[in-house]
Amino acid sequence: MDKKKQTQNKNLKYVVYTLIGIAFFIAVIGVVSFVAHESGHSAIGNIDAYNAGKRLGIRLGILVNFILKSGFLMGSFIAIAASWEKNKSISKAMLHAVLSWGYVVYYAITRKTILNN
């Protein structure tokens, strides 16, 4: 394998590790905040199993929506920054913000000097 291909593979590995780390960080923050929120509801008293499960399901739905929305927004911000750095165009930056993480991954794979600067 030539030097250029090895560098691209190394860069791709770091990008994947970074994305996994970001996702893990968001999940941990979400779980910690969810547990803290639910511990505030522990003094409610006697609730039957159906209502307790219903409340837990609602809270989990809110947690999942928060994680998905915050991850999408973070991807949009990174995409805007990467697009502006590469193209210096507001219209392209707005398009890439809509594409979010898809453009971030594309940018990371096609960028020649991600970690070599």
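Quick note: structure is the one above.
Residues numbered from 1 in each chain as written. Predicted model: local features only at pLDDT ≥ 70, side-chain atom pairs only at ≥ 80, totals over all residues. Heavy atoms only, no water.

Let's talk about the nonpolar core
How we decide: Grouping buried Ala, Val, Leu, Ile, Met, Phe, Trp, Tyr and Cys residues that are joined through side-chain atoms within 4.5 Å yields what is termed a nonpolar core. Any residue under 20% of the maximum accessible area for its type is buried, any over 50% is exposed, and the rest in between are partly exposed; the area is computed with a 1.4 Å probe on protein chains only. Strands here mean DSSP runs of E at least two residues long; helices mean DSSP runs of H or I at least four residues long; both are numbered from the N terminus. Only heavy atoms matter for contacts: two residues are in contact if any of them lie within 4.5 Å across the pair.
Residues Ala79, Ala82, Tyr103, Val104 and Tyr107 constitute the largest nonpolar core, which totals five residues. Looking at this core, the elements that each hand over two or more residues are α2 (49–87) and α4 (101–110). Broken down by element, the residue count for this core peaks at three residues, all from α4. Excluding anything up to four places from it in sequence, Ala82 contacts Tyr103 and Tyr107.

Side note on helix α3 (residues 90–99)
For the record, the criterion: The arc in question is the one spanned by the directions pointing from the helix axis to the C-beta atoms.
Of the residues making up α3, those classed as buried are Ala93, His96 and Ala97. One side of α3 carries all its buried residues, which in axial view fall inside an arc of 110 degrees. For α3, the exposed residues lying more than 90 degrees away from the buried face are Ser91, Met94 and Val98.

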